[in-house]
Amino acid sequence: MSFQFPSSTITFDAAMRDLGSGSPKARVMAAHALGTVTDAVEKRRAVDALVRALDDDRPDVRAEACASLGELREPGALAPLLKRLDDGVAGVRQNAAIALGTLGNPDAFEPLAEALRSGPADLRYQAATSLAEIDPVRALEPVLAALADKDPQVVGAAALAAGAIGERERERVVAALTAMLDHADAGQYDVSLTLTPADQDQPLPLTLKLDGPDNHVDLRLPPLALARWWSQLGNEASPQLSVP
């Protein structure tokens, strides 16, 4: 998650200068620019400067520094990025989780798993995807557990992560969804789940087919939309099983 600044002509030396002493806007732009460094010597200096920027008093600077450290894929940034999972600002901790997933270091797995279990909703949402990036097989258990999360966006992220883990685990994902339906007293349903790869014309959709005693549902929705529907299954005020 970057703030997506347009391409800048700022030089490396200017970015280094601005990140340490510029205005808040200049520091954010400098942090962004340093994430594109490719020269080995400049990269090392950029990483050191970005790590220092993780303690900036401006959350937008800290967030951009997290994003750039992920882009640089620097293993030495692991510890300071882990610290930012506890940042008081949602955008900073989300960017830290994204960067940790990009780094792929297994030492980040357990802190992210703990974040998925007990962190704030915005962090739980991102932790599910980052866990699947680091170790898909090991991520399956915490990701499936997150399908029962009370926040629909977290459920959507968990569903997407579970589907991306692979076809070989599809039966376990389906079993988890079936358990959700049973817990919601929706009746006994046969469940079929398919994750369809995204292309330029459509987002990554989940296809969910439910066959039950009273009705049939055949849905093809992005994971977040499907998750919002799931989250209402246990709500007595909602229809028992209606198509969104």
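Each remark here, short or long, concerns the structure printed above.
Residues numbered from 1 in each chain as written. Predicted model: local features only at pLDDT ≥ 70, side-chain atom pairs only at ≥ 80, totals over all residues. Heavy atoms only, no water.

Chemist: Could you give me a rundown of the overall build of the protein chain, with the residues and numbers involved?
Modeler: When its secondary structure is counted, the protein chain shows 12 helices and three strands. Sorting the 244 residues of the protein chain into buried and exposed places 47% on the buried side. The contacts in the protein chain between residues at least 6 apart in sequence include a share of 53% that link residues at least 24 apart. Put simply, the protein chain shows about 12300 Å² of open surface, and 51% of that area lies on carbon and sulfur atoms. (Helix = DSSP H or I, 4+ residues; strand = E, 2+ residues; numbered from the N terminus. Buried < 20%, exposed > 50% of the residue type's maximum accessible area, 1.4 Å probe, protein only. Contact = heavy atoms within 4.5 Å. Areas by Shrake-Rupley, 256 points an atom, 1.4 Å probe, with all protein chains shown as cover.)

Chemist: Lay out the packing of helix H1 (residues 12–21) against helix H3 (residues 40–53) in plain terms, naming residues and giving numbers.
Modeler: To characterise two packed helices, one gives the angle between the axes of the helices and the distance between these axes. At a minimum axis distance of 10 Å, the contact between H1 and H3 shows a crossing angle of 20°. With respect to H3, the element H1 is oriented roughly parallel. The two elements H1 and H3 cross, and the hand of that crossing is left-handed. Residues Phe12, Asp13, Met16 and Leu19 of H1 touch H3, and the partners they reach there are Glu42, Arg45, Ala46, Ala49, Leu50 and Ala53. Here the residues of the contact of H1 with H3 sort into seven nonpolar, no polar and three charged. (Axes fitted to C-alpha atoms, helices over the stretch in contact; angles between N-to-C directions. Parallel < 35°, antiparallel > 145°, perpendicular 65-115°, else oblique. Left-handed = near helix turned anticlockwise from the far one by under 90°. Nonpolar A, V, L, I, M, F, W, Y, C, P; charged D, E, K, R; others polar.)

Chemist: Could you give an account of the packing of helix H7 (residues 109–118) against helix H9 (residues 136–145), with specific residues and numbers?
Modeler: The geometry of H7 relative to H9 is characterised by a closest axis approach of 10 Å and an angle of 15° between their N-to-C directions. In terms of axis orientation, H7 runs roughly parallel to H9. Judged by the twist between their axes, the crossing of H7 over H9 is right-handed. Residue-level inspection shows Phe109, Glu110 and Leu116 of H7 in contact with H9, the latter providing Arg138, Ala139, Pro142 and Val143. Grouping the amino acids of the contact of H7 with H9 by side-chain chemistry returns five nonpolar, no polar and two charged.

Chemist: A description of the environment of aspartate 149 should follow, citing residues and the corresponding values.
Modeler: Along the chain, aspartate 149 falls in the loop between H9 and helix H10 (152–165). When its relative accessible area of 17% is taken as the criterion, aspartate 149 is described as buried. Each C-alpha atom of the pair aspartate 149 and leucine 116 lies 9.5 Å from the other, and the pair is 33 residues apart in sequence. Those residues within four positions of aspartate 149 in sequence are excluded, and the remaining contacts are Arg124, Val154 and Val155. Among the polar contacts listed, one links the side chain of aspartate 149 to the backbone nitrogen of aspartate 151, at a separation of 2.8 Å. (Polar contact = N/O pair within 3.5 Å; in protein donor to acceptor, adjacent residues only side chain to side chain.)

Chemist: An account of helix H6 (residues 90–103) is requested, with residue identities and associated values reported.
Modeler: End to end, H6 covers 20 Å across 14 residues, agreeing with the expected 20 Å (1.5 Å per residue, within 8%). Taken across its 14 residues, H6 has 10 buried, putting it largely inside the fold. Here H6 has its buried residues at Val92, Arg93, Gln94, Asn95, Ala96, Ala97, Ala99, Leu100, Gly101 and Leu103. Immediately downstream of H6, the backbone of glycine 104 shows phi near 70°, a positive value. (Expected span 1.5 Å × (residues − 1).)

Chemist: Explain unusual backbone geometry to me, using residue names and the numbers behind them.
Modeler: With phi around 55°, arginine 73 is a residue other than glycine that occupies positive phi space. The topology assignment puts arginine 73 in the loop between helix H4 (59–72) and helix H5 (78–83). Accessibility expressed as a relative area gives 55% for arginine 73, which makes it exposed.

Chemist: Can you tell me about the pattern of salt bridges, naming the residues and giving the values?
Modeler: In total, this model carries 14 salt bridges according to the counting rule given. A salt bridge links arginine 27 to aspartate 56; its shortest N-O distance comes to 2.8 Å. Of the two residues, arginine 27 is situated in helix H2 (residues 24–34) and aspartate 56 in the loop between H3 and H4; the sequence distance between them amounts to 29 residues. As far as the burial class goes, arginine 27 and aspartate 56 line up, both buried. Put simply, arginine 93 and aspartate 122 hold a salt bridge, and the shortest N to O gap is 2.7 Å. (Salt bridge = Lys/Arg side-chain N within 4 Å of Asp/Glu carboxyl O.)

Chemist: Quick one: what's the story with the environment of glutamate 74, residue by residue and with numbers?
Modeler: Structurally, the position occupied by glutamate 74 is in the loop between H4 and H5. Residue classification places glutamate 74 among the buried residues on the basis of a relative accessible area of 15%. In this structure, the C-alpha to C-alpha distance between glutamate 74 and lysine 43, residues 31 residues apart in sequence, is 8.9 Å. Once you skip the residues sitting within four places of it in the chain, glutamate 74 turns out to touch Lys43, Arg44, Val47, Leu69 and Leu103. One polar contact links the side chain of glutamate 74 to the main-chain amide nitrogen of glycine 76, over a distance of 3.0 Å.

Just distances and angles here, no functional claims.
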